[in-house]
Amino acid sequence: MGAAGFGARLLLLLLLRAAPCPGQLAGDTVFQPSFIHMSGPRVNSFFLGNSSGVNFSIILSPRDAETGKLQLANCSGSKRAGDWNLDVTPGVNTSKVTVSLSRTLELCLPNATECCPSPLCMVETLQVLACRGSVMLAQLLIQAEIFANSSFAGNVSENATVIPNQAFKPLGSCPCNLTAGACDVRCCCDLECTPDLQQLFSGSCFPGVFGGDVNPPYDQLCSSQSMEYTPEWFPFLCVQSSLDNTPFLGYFYHGSISTPKVPSFKIPLQTSPGKPFTGYREGDPIITEEDEYFTVPQQSMAGQCVGNAPVAYLHNFDVKCPTSLESYKEGLPHDVKINSGTADFIQQNVVCRAITDRGKFITGSENLAAEVLCQNVTFAEHYKFIWKDKNIEQVNVTVFLGSLCDGEILTQRFTVEFLSLNSTNGEELFENPGYQVGKPVKAANLNASDPLGSLNIWQPAGRGLCASASGRPVLFGVDSYSGCILEVDINEDCSFLRGNVTEKLNALIQATHIGKRGNSSYSDPNDWVEIIRLDPFSSNVSTGGLKGICPDVPANLNIRIIFAKVGAVQGIPQQEILAVQISYSTVLWQFQCGLGCRNTLSFLPITASVQFIEVPAQPPPPVTRYQKIYAEFDCNQNEVCWPQLLYPLTRFYTGEPYSQSLAKGLFLAFLVLLATIMSNPWFFKLWNR
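Predicted model, so just to flag it, every value in this text is computed and none were measured.

## Focus on the overall build of the protein chain
Argument step 1. For the protein chain, the helix and strand inventory stands at 7 helices and 29 strands.
Argument step 2. Going through the 689 residues of the protein chain one by one, you find that 32% of them count as buried.
Argument step 3. Carbon together with sulfur atoms contributes 55% to the accessible area of the protein chain, which is approximately 44300 Å² in total.

Set out below in structure tokens:
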């Protein structure tokens, strides 16, 4: 088999070099690769070019049996030849071609048919043609040499290879023997190397364990006297043993095998009559009919989008996830029923709409060809959960669909909003009166006819300019810091610049009052606190006609919100806003000259920060009677600290090395003991005697 098989392969390669190259019949179409040596039941290739109107076919044994030359191929074949199948997955300019074997190859058992009599089960030549009509565009040649599977169902022979015990004999006596049936260069322990071959590299053999010295003499052996700097006591403590008992051999650890527990987004529902499902609490994951988590794509702590993130009860969010047509994945189907909280299941109310303005979602695109693949995908999903107490009453879903083409970047948007069943006129009346962390701070214009107000910070986009920046609401309990960049001309008037910056900062606060609680009513003035405004300092400093410099520009907006815990409802702390203050910080703007100072525009960053300050609702705990009586032992109030008398003897003392402090302590203890002994009367009596 060896010499004959090698000659056949060499002849086939020579014939291939004489055959016409793929793609010569049509300059723009070709198979890549055009020749494949196949050793498994499946192989893939790619057809490069436009596959519109192209017919693919497979031909078995295109070589002439007498001459061994390739037969003239024609375009009259089909996608099946013998035991071979041809599958084509069309694309824009690239089509995937898959050739697969439709039967299994196993060695023959006694009294068995349709099997392989020898290990080399199949040696065939295949040809895949791409034709448009009767004109051949490209051809793919496949040489299949497939061996039979070694696994079979039957009686296994008891003559199995016995693996030696690692405690007494090394498993691999020649680790450098890496090639079966051939001599490995520089591997002197390879038994397949003839004496003539070993003479070529006898002086350059691999040393150590890799070269076959699996039991090297170790340093503790008495025969290892060649080691440098041998101590004088070595002959008394050396080991007299055979190399068969060596520390290089040893047992592998035989521990107990435990089945790994793969975490899944499933929790057991208490649906038995004895333990009914008692409803949701804030932060609990929403459960579906299949006892799985109801998931919507969300952002992780690293800022990446996670597609299988569970939705938490009473937690709103609004996320944007960039994707492309290649990485697009469909989310959870909308026909999934949701557990209402009482072991009943409700169906989602889904409304599908078409996107009218794709520019709000398509953030970038590559150079698109004339013929491009497009697909109808989900651009946005908005979920509204109507809730009451601990149950979900209704789920409304609005899905926006649009066309996404190959090469475009889509920014998907997913929002989840929980609305109370007691909501009236779009105003959500929470049964929990206090603010919850992560909820928007409620603002109002009580002096206007329309009391609805807003308290926002910037959310920059694109280049970060203030002209293109949008706003996002201030969330309770979340300290925030954002900003944008304002373009300023070198000839900008300082008074105009201060007024322009102040106007943009004030645009973030369209309110005169802030709600004390999350359910503050617009009709009750006692539910609101007035915003304390500290106007920016008006500067009259003259720049002396200098251009490109303006002092006292109010570029920083500071929002401080003071809140306190005023009680609890069902064990949940209730937090209430007590006061809100807005102030400004000024900076000195100076024109930054770029390379060559050719640009007359400079940039001024303006920022807005939000800080939540908690006021203690309860006084500090009073001083106990124990603390009053033993105040003299308090090391924080007295210069002398008796409890830490032995502190220099502990490991926590770092004034000097521990050995020195320990020696000094022992010496001091010795002096104290000596003084105690010498102070006794019997010591003087003994001394006088």
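So, next bit.
## Regarding the sheet that holds strand β4 (residues 55–60)
Argument step 1. Taken in spatial order, the 4 strands line up as β2-β9-β8-β4 in an open sheet, and their pairing is mixed. Whereas interior strands pair on both sides, the edge strands pair on one side only; in this sheet they are β2 (35–38) and β4. Across the sheet, the mean angle from the axis of one strand to that of its neighbour is 20°, orientation sign disregarded.
Argument step 2. As judged from the 6 bridges shared by β4 and strand β8 (residues 120–132), these two strands associate in the antiparallel manner.

## Some thoughts on unusual backbone geometry
Argument step 1. Cis geometry marks the peptide bond from Gln-32 to Pro-33, where omega comes out at -5°.
Argument step 2. Located in the positive-phi region is Asp-291, a residue other than glycine, with phi close to 60°.
Argument step 3. Within the secondary structure layout, Asp-291 lies in the loop between α3 (234–237) and β10 (298–299).
Argument step 4. Of note in the backbone geometry, Asp-552 takes a positive phi value of approximately 55° without being a glycine.
Argument step 5. Within the element layout of this structure, Asp-552 appears in strand β27 (residues 549–569).

## As for the side chain of Ser-100
Argument step 1. Examined against the element boundaries, Ser-100 turns out to sit in strand β7 (residues 94–101).
Argument step 2. If we skip the residues at most four places from it in the chain, Ser-100 touches Pro-41, Arg-42, Asp-83, Trp-84 and Asn-85.

## Regarding the state of the cysteines
Argument step 1. What the rule picks out here adds up to 10 disulfides.
Argument step 2. The residue that forms a disulfide with Cys-222 is Cys-238, at a sulfur-sulfur distance of 1.9 Å. A torsion of 90° about the S-S bond marks the disulfide between Cys-222 and Cys-238 as right-handed. Placement of the pair is Cys-222 in the loop between α2 (195–198) and α3 and Cys-238 in the loop between α3 and β10, with a sequence separation of 16 residues.
Argument step 3. Given a relative accessible area of 18%, Cys-238 falls into the buried group.
Argument step 4. Between the sulfur of Cys-494 and that of Cys-550 lies a disulfide, 2.1 Å long from S to S. An S-S torsion of about -85° defines the bridge between Cys-494 and Cys-550 as left-handed.

## Points about the pattern of salt bridges
Argument step 1. Under the criterion given, the structure shown has 5 salt bridges.
Argument step 2. Where Glu-576 meets Arg-517, a salt bridge forms, and the shortest distance between an N and an O atom there is 3.5 Å. Of this pair, Glu-576 sits in strand β28 (residues 572–590) while Arg-517 sits in the loop between β25 (513–515) and β26 (528–533); the two residues are 59 residues apart in sequence, bridging distant segments of the chain.
Argument step 3. Note on Arg-517: relative accessible area 22%, which makes it partly exposed.
Argument step 4. With its nearest N and O atoms 3.1 Å apart, the salt bridge here joins Glu-656 to Lys-664.
Argument step 5. Given a relative accessible area of 23%, Glu-656 falls into the partly exposed group.

## Here's the deal with the packing of aromatic side chains
Argument step 1. Under the criterion given, the structure shown has 16 aromatic pairs.
Argument step 2. Where Phe-476 meets Phe-612, the ring centres are 5.4 Å apart and the plane angle is 70°; that geometry is what we call edge-to-face. Of this pair, Phe-476 sits in the loop between β22 (470–473) and β23 (480–489) while Phe-612 sits in strand β29 (residues 601–614), and the two are 136 residues apart along the sequence. Phe-612 carries the same exposure label as Phe-476, and that label is buried.
Argument step 3. Ring centres 5.3 Å apart and planes at 25° place the aromatic pair Tyr-522 and Trp-528 in the stacked group.
Argument step 4. Through a chain of ring-to-ring contacts, the aromatic side chains of Tyr-280, Phe-294, Tyr-313, Tyr-383, Phe-385, Trp-387 and Phe-418 assemble into a single cluster.
Argument step 5. The aromatic ring of Phe-206 is capped on one face by Arg-186, whose charged end is 4.5 Å from the ring centroid.

## What to know about the confidence of the model for the protein chain
Argument step 1. Here the protein chain averages 78 in pLDDT, while 76% of its residues score no lower than 70.
Argument step 2. For the stretch residues 251–256, pLDDT sits under 50, and the model shows 4 contacts to residues farther than four places along the chain or on other chains.
Argument step 3. Residue range residues 424–430 is modelled with pLDDT below 50. Its contacts to residues more than four positions away, or to other chains, number 18 contacts.

## Some points on a negative patch on the surface
Argument step 1. The grouping of Glu-289, Glu-290, Asp-291 and Asp-335 at the surface amounts to a negative patch.
Argument step 2. Among the secondary structure elements, Asp-335 is positioned in the loop between β12 (317–324) and β13 (338–339).

## Considerations on the environment of Gln-240
Argument step 1. Considering the arrangement of structural elements, one finds Gln-240 in the loop between α3 and β10.
Argument step 2. Along the chain, Gln-240 and Gln-220 lie 20 residues apart, while their C-alpha atoms are 8.6 Å from each other.

## Some points on the sheet that holds β27
Argument step 1. Here 7 strands make up an open sheet; going across it, the order is β20-β25-β26-β28-β27-β29-β23 and the pairing mixed. The open sheet is flanked by β20 (443–444) and β23, the only strands paired with a single partner.
Argument step 2. Two strands pair when backbone bridges link them, and β27 and β29 are joined in this way by 8 bridges, in the parallel orientation. Paired with Leu-557 across the two strands is Ala-608, which belongs to β29.

Cut-off values and rules
- Residues numbered from 1 in each chain as written.
- Predicted model: local features only at pLDDT ≥ 70, side-chain atom pairs only at ≥ 80, totals over all residues.
- Heavy atoms only, no water.
- Helix = DSSP H or I, 4+ residues; strand = E, 2+ residues; numbered from the N terminus.
- Buried < 20%, exposed > 50% of the residue type's maximum accessible area, 1.4 Å probe, protein only.
- Areas by Shrake-Rupley, 256 points an atom, 1.4 Å probe, with all protein chains shown as cover.
- Pairing = 2+ DSSP bridges.
- Axes fitted to C-alpha atoms, helices over the stretch in contact; angles between N-to-C directions.
- Contact = heavy atoms within 4.5 Å.
- Disulfide = S-S within 2.5 Å.
- Salt bridge = Lys/Arg side-chain N within 4 Å of Asp/Glu carboxyl O.
- Phe/Tyr/Trp six-rings, centres within 6.5 Å; stacked < 30°, edge-to-face > 60°.
- Lys NZ or Arg CZ within 6 Å of the ring centre and 35° of its normal.
- pLDDT = per-residue confidence, 0-100.
- Patch = residues over 30% accessible without salt bridge, like charges linked within 9 Å, V, L, I, M, F, W, Y side chains within 5 Å.
- Lys, Arg positive; Asp, Glu negative; His and termini not counted.
- Charge placed at Lys NZ, Arg CZ, Asp CG, Glu CD.

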